[in-house]
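In case you want the letters, here they are:
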Amino acid sequence: MRTFANITELKAAVGEHFGHTEWRQISQEQVNLFADATGDHQWIHVDVERAKEGPFGGTIAHGYLSLSLLPLFMKELIQVGGLAMGINYGLNKVRFPSPILVGARIRAGAELVDLKGTPSGYLANTRLTVEVEGQKKPACIAETLSLYVPAESS
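Predicted model, so just to flag it, every value in this text is computed and none were measured. (Residues numbered from 1 in each chain as written. Predicted model: local features only at pLDDT ≥ 70, side-chain atom pairs only at ≥ 80, totals over all residues. Heavy atoms only, no water.)

**Considering the overall build of the chain**
1) Next: In terms of regular secondary structure, the chain is built from six helices and eight strands.
2) Next: Counting from the amino terminus, the chain carries its helices and strands in the arrangement β-α-β-β-α-α-α-α-α-β-β-β-β-β.
3) Next: Along the longest, intermediate and shortest principal axes, the C-alpha atoms of the chain span 60 × 30 × 20 Å.
4) Next: Within the chain, the fraction of its 154 residues that count as buried is 36%.
5) Next: Partitioning the contacts of the chain with sequence separation of at least 6, the portion at a separation of at least 24 is 70%.
6) Next: Element-wise, carbon and sulfur atoms account for 51% of the exposed surface of the chain, whose accessible area totals about 8500 Å².
7) Next: Averaging the coordinates of the 14 positive side-chain charges in the chain and doing the same for the 16 negative ones gives two points 6 Å apart. (Helix = DSSP H or I, 4+ residues; strand = E, 2+ residues; numbered from the N terminus. Buried < 20%, exposed > 50% of the residue type's maximum accessible area, 1.4 Å probe, protein only. Contact = heavy atoms within 4.5 Å. Areas by Shrake-Rupley, 256 points an atom, 1.4 Å probe, with all protein chains shown as cover. Lys, Arg positive; Asp, Glu negative; His and termini not counted. Charge placed at Lys NZ, Arg CZ, Asp CG, Glu CD.)

Laid out in structure tokens, this is it:
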């Protein structure tokens with residue numbers, strides 16, 4: 001984990017890669033719970049027997065499941081001090097170049113693309129890449145936007 005005392009230290013890290021998270025295994029239970037939460041019960045995600053004969057040879061995680069893990073990955077990769085709060089502000093760009101087979105292990109790496117001051121705080125653009133162990137193509141590449149609001153004393 002990279003720890004920054006304040007926004008000034010974070011600003012100096014624009015262009016840097018923050019390293020990688022630990023590997024995490026994607027389970028069928030996770031995929032099923034995500035399907036229940038989103039209403040996306042497509043057979044390639046939840047029908048284990050049918051998916052064995054499908055295009056991926058097994059069930060796959062939803063692309064949006066990998067996207068939903070980005071805040072967890074960010075928490076493992078970076079910590080910024082001197083903040084009143086950090087807010088997920090949105091996304092600039094998201095791609096899902098390859099699937100995540102259930103049972104696969106994934107991790108994420110992050111690079112701080114930009115940090116700009118705004119009237120509300122500092123808007124960080126961070127590119128996260130979700131890798132699948134043993135695969136050349138990543139499962140997800142996303143530019144996330146986080147609004148960092150400094151504490152009054154910072």
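**Brief notes about the side chain of Asn125**
1) Next: Within the secondary structure layout, Asn125 lies in strand E7 (residues 121–132).
2) Next: A distance of 3.3 Å separates the side chain of Asn125 from the side chain of Glu143, its partner in a polar contact.
3) Next: Other than its neighbours up to four places away in sequence, Asn125 contacts Asn92, Glu111, Leu112, Val113, Asp114, Glu143, Thr144 and Leu145. (Polar contact = N/O pair within 3.5 Å; in protein donor to acceptor, adjacent residues only side chain to side chain.)

**Some points on the packing of aromatic side chains**
1) Next: The full count for this structure, using the stated rule, is two aromatic pairs.
2) Next: Relative to Phe96, the ring of Tyr64 lies with its centre 5.7 Å away and its plane at 80°, an arrangement referred to as edge-to-face. Taken together, the residues span a long stretch of sequence, with Tyr64 in helix H5 (residues 63–68) and Phe96 in the loop between strand E5 (83–95) and strand E6 (105–118) at a distance of 32 residues.
3) Next: Given the relative accessible area of 35%, Phe96 is considered partly exposed. (Phe/Tyr/Trp six-rings, centres within 6.5 Å; stacked < 30°, edge-to-face > 60°.)

**A closer look at helix H6 (residues 70–77)**
1) Next: Turning to H6, its buried residues are Leu70, Phe73, Met74 and Leu77. The buried residues of H6 all sit within an arc of 100° when viewed along its axis, so they share a single face. (Arc of directions from axis to C-beta.)

**A word on the environment of Ala5**
1) Next: Among the secondary structure elements, Ala5 is positioned in the loop between strand E1 (2–4) and helix H1 (7–11).
2) Next: When its relative accessible area of 46% is taken as the criterion, Ala5 is described as partly exposed.
3) Next: As for Ala5 and Leu83, which are separated by 78 residues in sequence, their C-alpha atoms are 9.5 Å apart.
4) Next: Here Ala5 is in contact with Gly81 and Gly82, once residues within four sequence places are set aside.

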